[in-house]
Amino acid sequence: MSMVGPSRPPALLSLLLVVAVSFFCSAIPIDDIRNRLLVKEKKMQLGGQLVLKKQEMKANEKLMALKNAEITEAMKTQKFPPSMHFFQAKSLIEKSQVFAILKKMPKGAALHVHDFSILSGDWLLKNVTYRPYCHFCITPKGAIQFKFAHPTPPTPKPTECSEWVLLEKYRKQLQNVTEFDDRLLKNFTLMTENPELVYANQDAIWSKFESIFFTISGLVHYAPVFKDYIFQCLQEFYQDNVFYLELRATFFPVYEVDGTVHSREWVVETYRSMAYEFAKDHPGFVGMKIIYTDHRTKNVSLIAQSVKEAMKLQAQFPKTMVGFDLVGREDTGHSLHDYQEALLIPTLQGTKLPYFFHAGETDWQGTSADTNLLDALVFNSTRIGHGFALGKHPAVMEYFRKNDIPIEVCPISNQVLKLVSDLRNHPAAALMASGHPMVISSDDPGIFGSKGLSYDFYEAFMGIGGMKADLKTLKQLAINSIKYSTLSQTDKMDFMQAWEERWNKFIDDLSKRP
């Protein structure tokens, strides 16, 4: 047996020889090749095609200097907010100079937020539970249920809830009301000092998440609170430089203190009128539109009824009611494919009902939740809620990109609900780097301890976008929120003009920053 080695070079050596020959035969220095690739990637990323004006370039230099300083410091301390759980990173974010700038930035619109998870639990505690006629009871599972009624709500069945107790009377009997209120507040939010310990897995976090909606429903669906809640939502987003909202609404019955229940038409009209009244005293506020939602745990016949109801309300309120979506945990709920019979109703009746489906909000590849992305495409979804699993579906991703269908990225939501722990590893990082159509939104900021859009913009800008994301990225995200809204073309143009005026003022202030 011959001990002589092979006569031809190993594969790796061959590859190196090919690269070396190509390099030395080329007239282009290796640094030039590298720089061309960097320039190409820069143009490909979100906002890469934008051309900054002189003042914007100056502002960008100051912004990026602050960003680079914060990231450099984080590399030393190993405390980088996007890599930490939001509950533990929030206080660090609020000390950030970049965050202070983002709060002042006109962010355009919030296109993925849910009706009664926007405001903080503090507002509910201080402004709602202290109102007259507020009663509470405890379910057999230990959950709190609220109801406004005078003199008292109907007696519940023992299997449903304990006897109703007037909250005002109950507080008067306590020695330490503050301690009670602190315990009560924990029922309105997911916030905790030790999130990884308290919420060991997705089942645990989703169980608490959905229980919060059950707890607050009796508070926020009381008609006087309902109106105040809407106004306060608009106020909070307006203060965060967000001037338009598209709200996913669940249409639970809204009731009066005497037990009277309002129709869904009353609810839509209230949304419309409250937005109109808010706009009167808040310059630049564009408005609010509603996306009818129902829960994906329901059977097909109930979803079919909701689709028909959404069609009816859209016909009655075409400028306010703009579409339909399904909410709830995708991993345990029905898939879009399960609901195809219901979702085909508008098409079969010759009616257009735009869809805005949550799709791909999962880590599990190949499951029905994962393949919701395929069905969102089939059912011609206008936008995609979350789209967390989109990178695993190249054909769907290519279609969405080609047809300019955006994903609604909600960074804090994805982290808190345990899809990703370090936001530098969020799938949207690759999509942002390649310029995929997207918007940034905040999903359920009140429950997450967030507010408006600024916290999510910070996580996207610092974490998902990495060192490459700059003022162009931020500008494109704001523009996208207007571009991908359901506003008419005329209203979009008006909104864009008003936004540009605010943007120029923001740039002027930033460029003059010391």
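Just so it is clear, the structure is predicted and the values come from calculations on it, not from any experiment.

Student: What is the right way to read the state of the cysteines from this model?
Tutor: Put plainly, a disulfide is one covalent bond tying together the sulfur atoms of two cysteines. Taken as a whole, this structure holds one disulfide when the rule is applied. Cys137 shares a disulfide with Cys161; S-S distance 1.9 Å. Negative torsions about the S-S bond denote left-handed disulfides, and the value of about 95° found for Cys137 with Cys161 makes this one right-handed. Within this pair, whereas Cys137 is found in strand S2 (residues 134–138), its partner Cys161 is found in the loop between strand S3 (144–148) and strand S4 (165–166), the two being separated by 24 residues in sequence. We classify Cys137 as buried; its relative accessible area is 1%. Judged by its relative accessible area of 6%, Cys161 falls in the buried class.

Student: Help me understand the packing of aromatic side chains in this model?
Tutor: Here the distance between the centres and the angle between the planes together describe a pair of aromatic rings. For the structure shown, the criterion picks out 28 aromatic pairs. Judged by centre distance (6.3 Å) and plane angle (85°), the rings of Phe99 and Tyr458 are edge-to-face. One end of the pair, Phe99, is in helix H5 (residues 97–104); the other, Tyr458, is in helix H21 (residues 454–464), and 359 residues separate them in sequence. An identical accessibility class is assigned to Phe99 and Tyr458; each is buried. When the ring of Phe226 is compared with that of Tyr271, the centres are 5.3 Å apart and the planes differ by 65°; the resulting orientation is edge-to-face. With Phe226 in helix H11 (residues 223–239) and Tyr271 in helix H12 (residues 264–280), this residue pair connects regions lying 45 residues apart in the sequence. Phe226 sits in the buried class, given a relative accessible area of 1%. Aromatic ring contacts, followed pair by pair, group Phe116, Trp123, Phe226, Tyr229, Trp266 and Tyr271 into a single cluster.

Student: Got a minute to help me understand helix H13 (residues 300–316) in this structure?
Tutor: An α-helical turn contains 3.6 residues, so a residue and the one three or four places further along point in the same direction. Taking 1.5 Å as the rise per residue, H13 with 17 residues should run 24 Å; its terminal C-alpha atoms sit 24 Å apart, in good agreement. Within H13 the residues assigned to the buried category are Ile303, Ala304, Ser306, Val307, Glu309, Ala310, Met311, Leu313 and Gln314.

Student: Please clarify how the packing of helix H3 (residues 54–77) against helix H22 (residues 471–483) should be interpreted in this entry.
Tutor: Describing two packed helices takes the angle between their axes plus the distance from one axis to the other. Orientation of H3 relative to H22, taken along the N-to-C sense of each, is 110°, at an axis distance of 9 Å. Classified by the interaxial angle, the pair formed by H3 and H22 is roughly perpendicular. The residues of H22 that touch H3, namely those facing Glu56, Ala59, Asn60 and Leu63, are Leu471, Leu474 and Lys475.

Student: Is there a simple way to explain the layout of surface pockets in this structure?
Tutor: With a probe scaled to a water molecule rolled over the atoms, the places where space remains empty come into view. Quantified by volume, the largest pocket comes out at close to 740 Å³. Lining the largest pocket are 34 residues, with Thr250, Phe252, Asp294, His295 and Val327 sitting closest to its centre. Secondary-structure elements contributing two or more residues to the lining of the largest pocket are helix H10 (202–220), strand S6 (287–295) and H13. The element that contributes the greatest number of residues to the lining of the largest pocket is H10, accounting for eight residues. When its residues are assigned to classes, the lining of the largest pocket shows 14 nonpolar, 11 polar and nine charged. Roughly 440 Å³ of internal volume is contained in the second largest pocket. Lining the second largest pocket are 19 residues; nearest its centre among them are Val286, Gly287, Met288, Lys289 and Lys319. Ranked by the residues each element gives to the lining of the second largest pocket, the list is headed by H12, at four residues. Considering only residue class, the lining of the second largest pocket consists of 10 nonpolar, four polar and five charged.

Cut-offs applied
Residues numbered from 1 in each chain as written. Predicted model: local features only at pLDDT ≥ 70, side-chain atom pairs only at ≥ 80, totals over all residues. Heavy atoms only, no water. Disulfide = S-S within 2.5 Å. Helix = DSSP H or I, 4+ residues; strand = E, 2+ residues; numbered from the N terminus. Buried < 20%, exposed > 50% of the residue type's maximum accessible area, 1.4 Å probe, protein only. Phe/Tyr/Trp six-rings, centres within 6.5 Å; stacked < 30°, edge-to-face > 60°. Expected span 1.5 Å × (residues − 1). Axes fitted to C-alpha atoms, helices over the stretch in contact; angles between N-to-C directions. Parallel < 35°, antiparallel > 145°, perpendicular 65-115°, else oblique. Contact = heavy atoms within 4.5 Å. 1 Å grid on protein atoms, 1.4 Å probe; cavity = no way out; pocket = protein on both sides within 12 Å on 5 of 7 lines; lining within 4 Å. Points joined across faces, edges and corners; volume = space filled by probe spheres on them. Nonpolar A, V, L, I, M, F, W, Y, C, P; charged D, E, K, R; others polar.

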